[in-house]
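Examination of the molecular architecture
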Amino acid sequence: MFYSTARVSTDRPRRQLTHLVSHLGHDAPTDLDEERWSIRFGGGHCLLVASATHFDMIVRAGDADAVAAVEDTITQHLLRSATGDERPVDWRPLVRQATSDDDAALLALDRAAWTAGSGLASAEGEERTAYFSERRRPETHLVAALGDQIVGAVSTHRTTPFPEAAHVFGLWNLVVAEQARRRNIASALLAAAERRAAAEGAKKVGLRVLATNTGALRLYERHGYAVEGRHLDEFLIDGAYVDDISMGKRLTPLS
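Described in the following lines is the structure provided in the data block. (Residues numbered from 1 in each chain as written. Predicted model: local features only at pLDDT ≥ 70, side-chain atom pairs only at ≥ 80, totals over all residues. Heavy atoms only, no water.)

Concerning the overall build of the chain
Each helix and strand in the chain was counted, giving six helices and 13 strands. Across the 255 residues of the chain, 46% fall into the buried class. Across the chain, every contact between residues at least 6 apart in sequence was considered, and the portion connecting residues at least 24 apart equals 62%. (Helix = DSSP H or I, 4+ residues; strand = E, 2+ residues; numbered from the N terminus. Buried < 20%, exposed > 50% of the residue type's maximum accessible area, 1.4 Å probe, protein only. Contact = heavy atoms within 4.5 Å.)

Thoughts on the side chain of R196
The topology assignment puts R196 in helix α5 (residues 185-199). The buried charged residue R196 lacks any salt bridge partner; its closest oppositely charged side chain belongs to E200, at an N-O distance of 4.1 Å. Once residues within four sequence positions are removed from consideration, R196 is found in contact with Q97, E139, L142 and T156. (Lys, Arg positive; Asp, Glu negative; His and termini not counted. Salt bridge = Lys/Arg side-chain N within 4 Å of Asp/Glu carboxyl O.)

What to know about the sheet that holds strand β9 (residues 149-158)
In spatial order, the strands read β7-β8-β9-β10-β11-β13-β12; together these seven strands make up an open sheet with mixed pairing. Here the strands that pair on one side only, and so sit at the sheet edges, are β7 (95-97) and β12 (226-237). Each strand axis lies, on average, 25° off the axis of its neighbour in the sheet, ignoring direction. In this structure, β12 lies alongside strand β13 (residues 240-250), joined through eight bridges in antiparallel fashion. When the sheet's bridge partners are listed, V227 is paired in β13 with M247. With respect to the sheet, α5 is in contact with β7, β8 (141-146), β9, β10 (168-176), β11 (204-210) and β13, its orientation differing from that of β10 by roughly 155°. Set on the sheet, helix α6 (residues 214-222) makes contact with β10, β11 and β13; between it and β11 the angle comes to about 160°. (Pairing = 2+ DSSP bridges. Axes fitted to C-alpha atoms, helices over the stretch in contact; angles between N-to-C directions.)

Considering the side chain of E71
By secondary structure assignment, the location of E71 is in helix α2 (residues 64-80). Although buried, E71 forms no salt bridge, and the nearest oppositely charged side chain, R92, lies 11 Å from it. Filtering out sequence-adjacent residues up to four positions away, E71 remains in contact with S4, V59 and W91.

Some points on the nonpolar core
Among the nonpolar cores identified, the biggest contains 45 residues, and I185 and Y220 are the most heavily contacted of them. When residues of this core are traced back to their parent elements, those giving at least two are α3 (103-113), β8, β9, β10, α5, β11, α6 and β13. For this core, the element with the highest residue contribution is α5, accounting for nine residues. Apart from residues lying up to four places away in sequence, I185 is in contact with I58, L94, A144, V151, V176 and A180. Listed in part, the 23 residues of the second largest apolar core include A6, M57, V70 and W91. (Core = buried A, V, L, I, M, F, W, Y, C linked by side-chain atoms within 4.5 Å.)

Everything listed here is a matter of coordinates, which is why it stays silent on function.
The following block contains the structure:
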């Protein structure tokens, strides 16, 4: 899947979205779920989420051309809608390459998103003044941004330096801000990380996840990851032993 996004600033975001969805509803199925509007097209899907001063539009489709087609349809209807708003729509990829300038935002995101069920308290308890380090480098990270706000990140690179395993990449540090969940951000990060890995020669992607992180397990399973191993009682967290689960996905058939 491919994803793009645009943020439209307005003093009446919900009213403008209501106009837009009503206008599009004559040509495409629409749904409203907890102040999130969803519009389905033949070649893709658009999620619209209102905030106090703006609304975000997130497009999902099977390829870049289909994404562009949905963007064009949304833009034309937005400009022709009853609001009379003629501003341009700045569509951007939802996921982009991380840079060193993202360090502070990623450090804050990493701290805020951690939970006892998803990570190790000892690792989060480290006194860190920066996110990136020799172990975590910008060139191995992708970030998801809504407007100018980073709301998610993931890292992917080869799992070992051995040439015999050059075809195996790993996924690490997948995180999404709490306020941005249920917007396909994690799915967009996974899809982009898999494309990045495949472009660098990966035929298989692996990851590790705590058994207590049930939401992440369901996400990975939906995206085709299968359990390859279970490390019983691998960690002692809050007085309870927790299994560490190894999962993998083949990106291309192995000969």
